[in-house]
Amino acid sequence: MAAFDIIIVGAGHAGSEAAAAAARLGHKVAVVTLDLAHIGRLSCNPAVGGLGKGHLVRELDALGGLMARVADATCIQFRRLNTRKGLAVQASRAQVDIDRYPLTLRRRLRDIDGLTLIAGEVAGLLTQGGRVTGLKLADGTTLSAPRVILTTGTFLSGVMHCGAERTVGGRVGDRAAQRLSSSLQDLGLKMGRLKTGTTPRLDGRTIRWEVLERQTEVIPNGRFSFATDRPPRLPQIDCHLLYTNPQAHALIAEALPQSPLITGAISGRGPRYCPSIEDKIMRFPDRERHLVFLEPEGLDTHRVYPNGLSTSLPVEVQIALLRSLPGLEEVEILQPGYAVEYDFADPTDLGPDLQHRAVEGLYLAGQVNGTSGYEEAAVQGFVAGVSAARGEPLNIARDQGYIGVLVDDLTSRGVGGEPYRMFTSRAEHRLLLREDNADRRLMPLGRELGLIDDRTWAAFEARAEAIERGLALAAETTVNPTAEVCTLMATLDTGKLRRPTTVEELLRRPDLSWASLAPGLGLPELPAEVSEQIEIDVRYAGYIARAQRRVARQRALEALPLPEQIDWEQVEELSRETRDRLAAHRPRTVGQAARLPGITPAAIDLLLALRPRLTARGVP
């Protein structure tokens, strides 16, 4: 029997991050996956980041994860989203090469000492006395380890649907993990059923690109990683836009009786925020068109991903639907779209380290916890891998990072019957959790863990010091309204200077920047990444101070524990609805209780008044 410190089941984005983190922290790690050639495979769209998701990628990089660096090395288009809105909700998104991304990730994993990759199907977990001791493969091989991390994605009893066709599997080209799902249920894990889906893949040679709108607002040199050893940029590509039309909608409406969503073949609920085109037509019947992004999958392939057209309709309907759209009149499908239904485990049974409360040493991360997306999976894998390696939770508070928001949401609220997706709106402290300051928020923790190398850390320290010096200089430097300064202000097309003013005050003007002021005022030239942070800190100072006061109040509530054994049914001072919600979610602190849906501020005030009695006696 081969022995390891930690075994990871699955080698998608969660499994890869878990394995890399645990092995780099000095542990003997095994990764068991169905097919070694499919490590890090991009099952759905070939992109990393997006609204809320880009924050997760930057935070993961600040902590020492892999995803940002792999995305940068394989990026073929980089964009900034929500640029017309406030900085807190802006996010980055990278189109990546669908073949180069998994290849690059596999190479990085193979270069890590202490990490063993094993091809095989896990048939079940081995346990003794309520704790995990290893696992058994389908071929009879057993592997021992005191800690096992499950990152099984959509493979637990996975079934793919395309019209009336049903195929067992977690995605095209991969079989499902049938026996493992039964093993988990035998251990007492609470399981549910969810659904996700993907679009048909198109042959780009059969698309009339010249009639389509080209996607603009790209950033040719945009990157996710804070690292200084940046790889050369791959050639960049164009994505294009088109819209569905009434003819396409009529085709879909007519074919709805053939959809497995309607026939009842699919029982799991899909992601509300990334619906299939069938869902869109049913939920928004008054919409005359829906946006579709045509995204080339890579530099060496003709495959195109029509983002926005996820579907499980029959193949012939998919072809008719696509050919009703402008530019796609003669398009050919290389792979039909399909839906995937799979088992997931209830994440409210997990602790903040993503370890299952009922089975010591068993951790779960990624879509097995009911989440949706590469980025959500990757950060869960990192948290589980680091926590398992250290033997204690990697605690990131909700005011420290979106990673903390995600883990707390999952473990305290669950997924609510649909796949969980990260959005900036989920973070109550999102002004403090911007993409641009992810390194200042989390890189010191990554360094403390031992996952940030010396070169990256030295660059971070130099950058942080330069920002502090710049802020101090801006506060201390006074600009007098001399003739030369007034001429400069006129040249910069900004308001007149009528009194002595600090550079800090000038930077609060949205039409001025450090770069525009530096030559005329004799300020030192600064790298863009430094001057941008100075400008943000100055302009948002008042809002940030207010947000930090809210954080202090929230932390005070988080510091007030609630006994797990409280019988909420007997706390008659609380309303029936409040008691039901508290009993269902079992919050561990008053802060967690305050975040539960349906729990009002008045209920929290009453809970605070009752807490001394509840804490002293455990029950009323």
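Values in this document were obtained by computation on a predicted structure and should not be read as measured data.

Visitor: So what exactly am I meant to see when it comes to the packing of helix α2 (residues 53-63) against helix α12 (residues 438-449) here?
Guide: Think of two packed helices as two axes; the pair is described by the angle between the axes and how far apart they sit. With their axes 7 Å apart at the nearest point, α2 and α12 run at an angle of 35 degrees to one another. In this structure, the crossing between α2 and α12 has a hand that is right-handed. Facing Arg58, Glu59, Ala62 and Leu63 of α2, the residues of α12 in contact are Ala438, Asp439, Arg441, Leu442, Met443, Leu445 and Gly446. For the contact of α2 with α12, the class distribution of residues is six nonpolar, one polar and four charged.

Visitor: Where do I start with the layout of surface pockets in this structure?
Guide: Rolling a probe over the atoms, with the probe sized like a water molecule, indicates the empty space that remains. Its volume calculated, the second largest pocket comes out at about 560 Å³. The wall of the second largest pocket is formed by 21 residues, among which Arg58, Arg223, Asp436, Glu529 and Glu532 lie closest to the centre. Among the secondary structure elements, those contributing two or more residues to the lining of the second largest pocket are β5 (75-81) and α17 (528-539). Considering every element that reaches the lining of the second largest pocket, the biggest residue donor is α17, with four residues. Residues that form the lining of the second largest pocket fall into these classes: five nonpolar, six polar and ten charged.

Visitor: Looking at this structure, I do not really get helix α16 (residues 514-521). What am I missing?
Guide: An α-helix turns once per 3.6 residues; consequently, residues spaced three or four apart project the same way. Trp514, Leu517, Ala518 and Leu521 are the residues of α16 that are buried. When α16 is viewed along its axis, its buried side chains cluster within an angular range of 115 degrees and face the same direction. Turned more than 90 degrees away from the buried face of α16 sit Ala515, Pro519 and Gly520, all of them exposed. Turning to α16, the residues buried within the fold contact α13 (454-476), β23 (478-479), α14 (483-491), α15 (503-507) and α17. Positive phi shows up at Gly522, right after α16, with a value of about 70 degrees.

Visitor: Just to check I follow, could you spell out unusual backbone geometry for this structure?
Guide: Peptide bonds are trans in most cases, and residues, glycine excluded, mostly fall at negative phi. One non-glycine residue, Glu217, lies in the positive phi region at around 60 degrees. Here Glu217 lies in the loop between β16 (213-214) and β17 (240-243).

Visitor: Sorry if this is basic, but what is going on with the side chain of Thr199 here?
Guide: Positionally, Thr199 belongs in the loop between β14 (191-198) and β15 (201-203). Apart from the residues within four sequence positions on either side, Thr199 is in contact with Tyr305, Pro306, Leu309, Ser310, Gln335, Pro336 and Gly337.

Visitor: Sorry if this is basic, but what is going on with the sheet that holds strand β1 (residues 2-3) here?
Guide: Through backbone hydrogen bonds, the strands of a sheet pair up, either in parallel or in antiparallel fashion. In space, the four strands of this open sheet follow the order β1-β10-β9-β8, with mixed pairing throughout. Across the chains shown, the open sheet's two edge strands, defined by having one partner strand only, are β1 and β8 (122-128). When strand β9 (residues 131-137) meets strand β10 (residues 142-144), the two strands line up antiparallel, connected through three bridges. The partner of Lys136 across the bridge, within β10, is Thr142.

Visitor: Honestly, the packing of aromatic side chains in this entry has me stumped. Any pointers?
Guide: Aromatic ring pairs are defined here through the distance separating the ring centres and the angle between the ring planes. Tallied over the full model, the rule gives three aromatic pairs. Both rings, one in Phe78 and one in Phe224, keep their centres 5.2 Å apart while their planes meet at 65 degrees; by these two values the pair is edge-to-face. Of the two residues, Phe78 is situated in strand β5 and Phe224 in the loop between β16 and β17; the sequence distance between them amounts to 146 residues. Across the pair, Phe224 and Phe78 agree in class, each one buried. Arg289 extends its terminal NZ or CZ atom over the ring of Tyr243, reaching a point 3.7 Å from the ring centre. Positioned above the aromatic ring of Tyr420 is the side chain of Arg426, whose terminal nitrogen or guanidinium carbon lies 4.1 Å from the ring centre.

Visitor: Could you clarify how one ought to interpret a positive patch on the surface in this entry?
Guide: On the surface, a cluster of positive charge is made up of Arg546, Arg549, Arg550 and Arg553. Looking at the secondary structure, you find Arg546 in helix α18 (residues 541-558).

Visitor: Would you explain the nonpolar core in this entry?
Guide: General note: in soluble globular proteins, nonpolar side chains tend to be found buried as a group. Residues Ile7, Tyr101, Leu135, Val148, Leu150 and Leu180 are the most contacted members of the largest nonpolar core, which totals 109 residues. Looking at this core, the element that brings in the most residues is helix α10 (residues 374-390), giving ten residues. Leu242, Ala248, Val304 and Leu322 belong to the second-largest nonpolar core, a separate cluster that totals 22 residues.

Visitor: Just checking my understanding: could you explain the environment of Met160 for this structure?
Guide: Residue position: Met160 is located in strand β12 (residues 159-162). Here the alpha-carbon distance between Met160 and Leu328, two residues 168 residues apart in the chain, equals 26 Å. Leave out the neighbours within four places in its chain, and Met160 touches Glu165, Arg166, Thr167, Val168, Gly169, Arg171, Val172, Tyr338, Ala339 and Val340.

Definitions and cut-offs
- Residues numbered from 1 in each chain as written.
- Predicted model: local features only at pLDDT ≥ 70, side-chain atom pairs only at ≥ 80, totals over all residues.
- Heavy atoms only, no water.
- Axes fitted to C-alpha atoms, helices over the stretch in contact; angles between N-to-C directions.
- Helix = DSSP H or I, 4+ residues; strand = E, 2+ residues; numbered from the N terminus.
- Left-handed = near helix turned anticlockwise from the far one by under 90°.
- Contact = heavy atoms within 4.5 Å.
- Nonpolar A, V, L, I, M, F, W, Y, C, P; charged D, E, K, R; others polar.
- 1 Å grid on protein atoms, 1.4 Å probe; cavity = no way out; pocket = protein on both sides within 12 Å on 5 of 7 lines; lining within 4 Å.
- Points joined across faces, edges and corners; volume = space filled by probe spheres on them.
- Buried < 20%, exposed > 50% of the residue type's maximum accessible area, 1.4 Å probe, protein only.
- Arc of directions from axis to C-beta.
- Pairing = 2+ DSSP bridges.
- Phe/Tyr/Trp six-rings, centres within 6.5 Å; stacked < 30°, edge-to-face > 60°.
- Lys NZ or Arg CZ within 6 Å of the ring centre and 35° of its normal.
- Patch = residues over 30% accessible without salt bridge, like charges linked within 9 Å, V, L, I, M, F, W, Y side chains within 5 Å.
- Areas by Shrake-Rupley, 256 points an atom, 1.4 Å probe, with all protein chains shown as cover.
- Salt bridge = Lys/Arg side-chain N within 4 Å of Asp/Glu carboxyl O.
- Lys, Arg positive; Asp, Glu negative; His and termini not counted.
- Charge placed at Lys NZ, Arg CZ, Asp CG, Glu CD.
- Core = buried A, V, L, I, M, F, W, Y, C linked by side-chain atoms within 4.5 Å.

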